[in-house]
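A closer look at the structure
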Amino acid sequence: MQSRDIFSLAYRSVTSNKLRTGLTVSIIALGITVLVGILTAIDSMKSSIYSSFASMGANSFSIRNRGMQVHIGDDGNKASKGNKNVKKVKKSNSNKIIRYQEAVAFRDRYHFPAVVSVSFQATGIATVYKDDKKTNPNVQVIGGDEHYLQISNYEISQGRDFNQLDVQSGRNVAILGIDVAEKLFGKQLKNIVNSTIRVGDIRYRVVGVLASKGSSKMMSADNVVITTVNNTRRVFNRPNASYQIAVAVKDIKQMDAAQGEATGLFRVIRGLNINEEDNFEISKSDSIAEMLFSSLGKVNLFAIVIAFITLFGSAIGLMNIMLVSVAERTREIGVTKALGATSHVVRTQFLYESIIISVMGGLIGVIMGMLLGNIVSVLLKSAFIVPWIWIIIGVTICAAVGLVSGLYPAYKASKLDPIIALRYE
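Computed from a predicted model, the values in this text were never measured in an experiment.

Burial of strand β10 (residues 224-228) is extensive: five of the five residues sit out of reach of the surface. Here strand β5 (residues 139-144) runs beside β10; their pairing, made up of five bridges, is parallel. Residue pairing across strands places Val141 opposite Val225, the latter belonging to β10.

Below, the structure is given as structure tokens:
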């Protein structure tokens, strides 16, 4: 008999006993539902966490000038002398500022899928005035571009963000932090947009107000006035001012690749030789995210282990049911052999039956697992996930489980003596 005929015979045998097939398919479907469901749920959680950390700034890093490095004693010199491969830093490059031209060159030449922002700390502290009201002399004035608020995780509560014309012209427009706005305009925050304030002796038109971001030990993120980087260059220009470059990648999983490309490009812009160490620093903001993703990796591993234990139980159940099937169909096997079927045909038929049942259970299981796993996506308000990799893996595992589970029952069926089988009651 050809394989196609054997497969057709096996399929008819599977579909003829709906109760036995249904029970077996349910066992396999349960195992695959657990596997695909748990892993889909974890993927949904990861997607939500990626989005959450991206909004918190964990998908970003910044490039700053590198400060002077001081070695206590002679340890640093000994290390340099003992290792010829240690890269050197020119004294002229130590604490070398990042000039505006270098920052702009990086922004224009960095083609990684990311958003780049150039900013400038205009003053250490300043006093902001509105008519007869004024703030304490501790307001930070920051110059940014049209991407600064996005990368810094600021949101606009009133008004608008900077546009390209604001940035290019460097005109006197400003966005107020919520603390500054409340100090000058009161808690009601009325009639702020398009009003005029004064930072020192310089007048600015307010175009927006920031939503509250909170405070850290170092500073209050709400006690700021943000204007454009070209405005700060014109109004608060300092000879030794160093600009900061911020990069926000679109996919947090590409953070390492983005940092590597940024390092290589900025070394070229800074004119560093191969044997020279970086004279700038890249500050990552994803340390918490890395710790959490490491923990999720362990959860993922535990989930796979639990799912495979479930599948192992499903394989045992399938083998048991196939053995029962062999016992129930002993007379049928005897008739088949008496009509000329070889042991190979009988063995192949039972293997096909086992694989068909297992794959049917796998298909049902991946659909159920995908739906159950995406309940987490609905709860976390993240995108619906179709885990193609786990679907393919699940169906492949089902086929393998069916093959392994059917080997012994198929072998036992093929070795039955047709005369004894025909006499079986």
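Looking at the element boundaries, Ser195 is found in the loop between α7 (178-185) and β8 (196-199). Taking the relative accessible area as the measure of exposure, Ser195 reaches 9% and is therefore buried. Setting aside chain neighbours within four positions, we find Ser195 in contact with Lys130, Phe185, Tyr204, Arg205 and Val206.

Let's shift gears to the nonpolar core. Counting 40 residues, the largest nonpolar core has Phe106, Tyr110, Ile226 and Ile245 as the members making the most contacts within it. In terms of residues, this core owes the most to one element, helix α9 (residues 255-270), which gives six residues. Apart from residues no more than four positions distant in its own chain, Ile245 is found in contact with Phe61, Ser62, Ile63, Ile98, Ala103, Phe106, Val116, Ser117 and Phe266. Listed in part, the 34 residues of the second largest apolar core include Leu35, Ile42, Met370 and Ala410.

Of the two faces of strand β7 (residues 173-176), the one lined by Val173 and Ile175 and the one lined by Ala174 and Leu176 are each fully buried. Sheet topology places β7 next to strand β9 (residues 202-210); four bridges connect them, and they run parallel. Within the sheet, the bridge partner assigned to Ala174 lies in β9 and is Val206.

Turning next to unusual backbone geometry. The phi dihedral of Asp131 falls on the positive side, at around 55 degrees, and the residue is not glycine. Mapped onto the secondary structure, Asp131 falls in the loop between β3 (128-130) and β4 (133-134). Look at Asp131 and you get exposed, because its relative accessible area is 67%. Backbone geometry at Leu189 places phi at a positive 55 degrees, although glycine is not the residue there. Note that Leu189 resides in the loop between α7 and β8. By relative accessible area, which is 14% here, Leu189 ends up buried.

Take the confidence of the model for the protein next. Overall, the predicted model of the protein reaches an average pLDDT of 79, with 83% of residues at or above 70. Of all secondary-structure elements in the protein, the lowest mean pLDDT belongs to helix α3 (residues 75-82), at 43, while β7 reaches the highest, 94. Taken together, the stretch residues 68-86 has pLDDT below 50 and engages in four contacts with residues farther than four places along the chain or on a different chain.

This part takes up a nonpolar patch on the surface. On the surface, Met45, Ile364, Ile367, Met368, Leu371, Leu372, Ile375, Leu379, Leu380, Phe384, Val386 and Trp388 cluster together into a nonpolar patch covering about 1,200 Å² of accessible area. Counting residues per element, the nonpolar patch draws most heavily on helix α12 (residues 343-380), at eight residues. Mapped onto the secondary structure, Leu371 falls in helix α12. On the basis of relative accessible area, Leu371 is assigned to the partly exposed category, the value being 46%.

Let us now look at the packing of aromatic side chains. Counted by the stated rule, this structure contains six aromatic pairs. Among the aromatic residues, those joined into a ring-pair cluster are Phe106, Tyr110, Phe112, Phe266 and Phe280. A cation over an aromatic ring shows up here: Arg233 above the ring of Tyr100, its NZ or CZ 3.8 Å from the ring centre.

Let us now look at the pattern of salt bridges. According to the stated counting rule, one finds eight salt bridges in the structure shown. The closest approach of N and O atoms between Arg107 and Asp108, which form a salt bridge, is 3.6 Å. Its relative accessible area of 28% is what places Arg107 among the partly exposed residues. Given a relative accessible area of 48%, Asp108 falls into the partly exposed group. In this structure, Lys130 and Asp131 form a salt bridge, with 4.0 Å as the shortest nitrogen-oxygen distance. We classify Lys130 as buried; its relative accessible area is 16%. Connected through shared salt-bridge partners, Arg99, Glu102 and Arg270 make up one network.

The subject of this paragraph is the environment of Ile321. Turning to its location among the elements, Ile321 is positioned in helix α10 (residues 287-328). Assessed through its relative accessible area of 16%, Ile321 is described here as buried. Ile321 sits 300 residues away from Thr21 along the chain, and the two C-alpha atoms are 9.2 Å apart. Those residues in contact with Ile321, other than ones at most four positions away along the chain, are Arg20, Thr24 and Ile27.

Parameters at a glance
- Residues numbered from 1 in each chain as written.
- Predicted model: local features only at pLDDT ≥ 70, side-chain atom pairs only at ≥ 80, totals over all residues.
- Heavy atoms only, no water.
- Buried < 20%, exposed > 50% of the residue type's maximum accessible area, 1.4 Å probe, protein only.
- Helix = DSSP H or I, 4+ residues; strand = E, 2+ residues; numbered from the N terminus.
- Pairing = 2+ DSSP bridges.
- Contact = heavy atoms within 4.5 Å.
- Core = buried A, V, L, I, M, F, W, Y, C linked by side-chain atoms within 4.5 Å.
- pLDDT = per-residue confidence, 0-100.
- Patch = residues over 30% accessible without salt bridge, like charges linked within 9 Å, V, L, I, M, F, W, Y side chains within 5 Å.
- Areas by Shrake-Rupley, 256 points an atom, 1.4 Å probe, with all protein chains shown as cover.
- Salt bridge = Lys/Arg side-chain N within 4 Å of Asp/Glu carboxyl O.
- Phe/Tyr/Trp six-rings, centres within 6.5 Å; stacked < 30°, edge-to-face > 60°.
- Lys NZ or Arg CZ within 6 Å of the ring centre and 35° of its normal.

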